[in-house]
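Observations on the three-dimensional arrangement
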Amino acid sequence: METTTLKQDIIVSPLSEMLTFNGTYGNYGGSYIPDVLTKPLEDLANMFDSLVKDPSFNKEYIHYLKQFVGRPSPLYYAKRLSEYVGSTIYLKREDLNHTGSHKINNCIGQILVAKRMGAKEIIAETGAGQHGVAAATAAALMGIPCKVFMGAKDIKRQALNVSRIKLLGAELIPTEMGTATLKDAVDIALGYYIDHPSSFYMLGSQVGPHPYPRMVGYFQSVIGQEARNQILNVEGRLPQAIFACIGGGSNAIGLFSGFLNDTEVQIYGAEGGGEATKENTAATLTFGKPTIFQGTYSYCLVDNEGNPIESHSIAAGLDYPGISPQHAYLKDSNRACYIPVTDNDAIDAFRLLSKLEGITPAIESSHAIALAAKVLKNKEMLAIINLSGRGDKDVDRDLEE
Ligand SMILES: *Cc1c(COP(=O)(O)O)cnc(C)c1O
């Protein structure tokens, strides 16, 4: 097992800055991988470091963000939600991106890295299917073959996204292992990568070994960069609070990274609380412990012996026992506050935003809305909520009244 030394490091990765970075966030992060992956991940880290300094790479990335994804996404003043809650609330509309969520920001970035590395094959894991769709889309855009690993249970409950992945020309590989959900899909994808280290592993969240947390954080930082400029333009001041839901942590770090240095901005992460008990939850930062899991050192849900356990959330995209090492660092340093939101509160918020604003959020994003509505109640605060995705995939699930 290869480990890096753990030491204090830079935590911001805005699109405009060029950083040298060894992959740790405080005590967290690093790279805990079998020897066969040491070289491929070092090559990837070196390639990424040189590409972020390459203006032609950033130009190409921004071209696809604008012309293919449809960025910048609007910062939308949610008037009726604001009146209902008693604060001034803006929604960062990642739901309006091509393919319906923030995942595409990262996939466009990674496919351009893969292309420059001459990758012959893309591999990706998926839970709810949003990352599978975004990865298959990016692979189709560049004409690179793509394999998507998905748990058999998720394949059954996310039929719409399964059809989309196939239509986009990707090969869907089901796994029956374990609970046949996201954690198992990641294990199988990592196993395939270990056997085929010349493939390009397109990781969907801010997790896994270095350089993935940094790379994903960088490609998602466009959310926070835009939101900060947009709120300053329209309100002439920074928000007092910002909110995002937390699965692995990629949409949240995207928004948060724009405001980390603005110490007056309160930062809130909404975890998939499930029933908010130790036995039934996906709230990793609330109920987990620091552990090595799937290539990185961060919080993880574990049993009494310290072994990673299954998570539970109504939102497939939040249903993961691990979490980004950067969020672990932000929690321990008290820069951000992480609070579990129960399944039932998320369902209420899913209905509330649909009726008040004519916007049906993903059930994942609904967790952020529920938390914001609670924290901001009658506080007359200025706030931004990241609407990480649209709820089309969730309307069939009897969540309506
Ligand atoms: C995947 C997903 C999430 C959770 O993943 P993060 O990496 O924590 O952002 C949240 N919302 C939507 C819509 C998703 O598709």
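A brief look at the structure comes next.

Take the overall build of the protein next. In terms of helices and strands, the protein carries 14 helices and 14 strands. The C-alpha atoms of the protein give 19 Å as radius of gyration, which agrees with the globular expectation for 401 residues (21 Å, within 12%). Classification of the 401 residues of the protein by burial places 63% in the buried group. Within the structure as shown, the protein displays about 15,000 Å² of accessible surface, and the carbon and sulfur contribution to it stands at 51%. The positive charge centre, built from 36 side chains, and the negative charge centre, built from 44, are 5 Å apart in the protein.

Near the ligand, the surroundings consist of 17 residues, among which K103, S205, G247, S250 and S388 are the closest. Contact distances for the ligand include 2.7 Å between a nitrogen atom and a side-chain N or O atom of S388. Compared with its free state, where it exposes 380 Å², the ligand has 96% of that area covered by protein. A molecule is said to occupy a pocket when more than half its atoms come within 2 Å of that pocket's grid points, and by this definition the ligand occupies the largest cavity. Only β9 (241–246) and α10 (250–256) provide two or more residues apiece to the shell around the ligand. Each of domain 1 (22–68 + 103–213) and domain 2 (70–100 + 220–400) accounts for three or more of the residues forming the shell around the ligand.

As a further point, take the side chain of D343. Residue position: D343 is located in helix α13 (residues 343–357). Exposure remark for D343: the relative accessible area of 18% places this residue in the buried category.

Moving on to empty space enclosed by the protein. Applying the stated rule across the entire model yields five cavities of 30 Å³ or more. Put simply, the largest cavity is a space of about 410 Å³. Around the largest cavity, the lining comprises 33 residues; the ones closest to its centre are K103, G204, S205, G248 and G317. Those elements that place two or more of their residues in the lining of the largest cavity are β5 (122–126), α5 (130–142), α8 (182–195), α10 and α14 (363–376). Two domains each donate at least three residues to the lining of the largest cavity, and these are domain 1 (22–68 + 103–213) and domain 2 (70–100 + 220–400).

Picture the strands of a sheet paired through backbone hydrogen bonds; they go either parallel or antiparallel. Across the sheet, four strands lie side by side as β7-β6-β5-β8; this open sheet has parallel pairing. Only two strands of the sheet have a single partner each, and these edge strands are β7 (171–175) and β8 (200–201). Where β5 meets strand β6 (residues 146–151), five bridges bridge the pair, whose relative direction is parallel. When the sheet's bridge partners are listed, T126 is paired in β6 with M150. Here α5 sits on the sheet in contact with β5 and β6, set at roughly 160° to β5. Against the sheet, α8 contacts β5, β6, β7 and β8, and its axis sits at roughly 160° relative to β5.

Okay, the nonpolar core next. Counting 88 residues, the largest nonpolar core has I111, I122, Y201, F256 and I384 as its most contacted members. Each residue touching Y201, except ones within four places of it in the same chain, is listed here: Q110, I123, A124, E125, V186, A189, L190, Y193 and Y212. Grouped together as the second largest cluster of nonpolar side chains are 36 residues, A78, V85, A372 and A383 included.

As a further point, take the layout of surface pockets. Taking a probe equal in size to a water molecule and rolling it over the atoms shows the remaining empty space. Taken as a whole, the largest pocket holds about 240 Å³ of empty space. Forming the walls of the largest pocket are 16 residues, and the residues nearest its centre are D345, A370, L371, A373 and K374. Sorting the residues of the lining of the largest pocket by element identifies α3 (79–85), β13 (336–342), α13 and α14 as the ones contributing at least two each. Here the element with the most residues in the lining of the largest pocket is α14; it accounts for five residues. Partitioning the lining of the largest pocket into residue classes produces eleven nonpolar, one polar and four charged.

The next point concerns unusual backbone geometry. For the bond running from R71 to P72, omega is 0°, close enough to zero to count as cis. By the element assignment, P72 lies in the loop between α2 (55–69) and β3 (75–77). Look at the link from H210 to P211: it is a cis peptide, with omega at 10°. Structurally, P211 can be placed in the loop between β8 and α9 (212–235). Of note in the backbone geometry, T99 takes a positive phi value of approximately 75° without being a glycine.

Conventions used here
- Residue numbers restart at each chain and count upward from 1, following the sequence in its written direction.
- Where totals are concerned, whole chains, interfaces and linings use all residues; where local detail is concerned, this predicted model gives features only for residues with pLDDT of at least 70, and gives and counts side-chain atom pairs only at 80 or more.
- Heavy atoms throughout the structure, all of them, feed into the side-chain values; hydrogens and water do not.
- The way it works is that DSSP assigns letters per residue, a run of H or I at least four long becomes a helix, a run of E at least two long becomes a strand, and they are numbered from the N terminus.
- Values of the radius of gyration come from C-alpha atoms, whereas the globule rule sets the reference at 2.2 Å times the count of residues to the power 0.38.
- Any residue under 20% of the maximum accessible area for its type is buried, any over 50% is exposed, and the rest in between are partly exposed; the area is computed with a 1.4 Å probe on protein chains only.
- The Shrake-Rupley method, run with a 1.4 Å probe, gives the accessible areas here. Residue values count only the displayed protein chains as cover.
- Here Asp and Glu are counted as negative and Lys and Arg as positive; His is not counted, and neither are the chain ends.
- For the purpose of locating charges, the reference atoms are NZ of Lys, CZ of Arg, CG of Asp and CD of Glu.
- Here a residue counts as near a molecule or strand whenever at least one of its heavy atoms sits within 4 Å of it.
- Under this definition, polar contacts are N or O atom pairs within 3.5 Å; protein pairs additionally need one hydrogen-donor-capable and one acceptor-capable atom, and for neighbouring residues in sequence, both atoms have to be side-chain atoms.
- A 1.4 Å probe that fits into a set of points on a 1 Å grid over the protein atoms alone but cannot get out defines a cavity; an open set with protein on both sides within 12 Å along at least five of seven lines defines a pocket, and lining residues are those with an atom within 4 Å of a point.
- Molecules are considered to sit inside a cavity or pocket once more than half of their atoms lie within 2 Å of its grid points.
- Bear in mind that the domain bounds are from an automatic or database domain assignment.
- Grid points are joined across faces, edges and corners, and a volume is the space filled by probe spheres set on the points.
- When DSSP finds at least two bridges between two strands, those strands are taken to pair.
- In what follows, residue pairs with any heavy atoms lying within 4.5 Å of each other are defined as contacts.
- Only the contacting stretch of a helix is used when fitting its axis, a line to C-alpha atoms as for every element, and angles between N-to-C directions run 0 to 180 degrees.
- To define a nonpolar core, start from buried Ala, Val, Leu, Ile, Met, Phe, Trp, Tyr and Cys residues and group those joined through side-chain atoms within 4.5 Å.
- When residues are sorted by character, Ala, Val, Leu, Ile, Met, Phe, Trp, Tyr, Cys and Pro go into the nonpolar class, Asp, Glu, Lys and Arg into the charged class, and all the rest, Gly among them, into the polar class.

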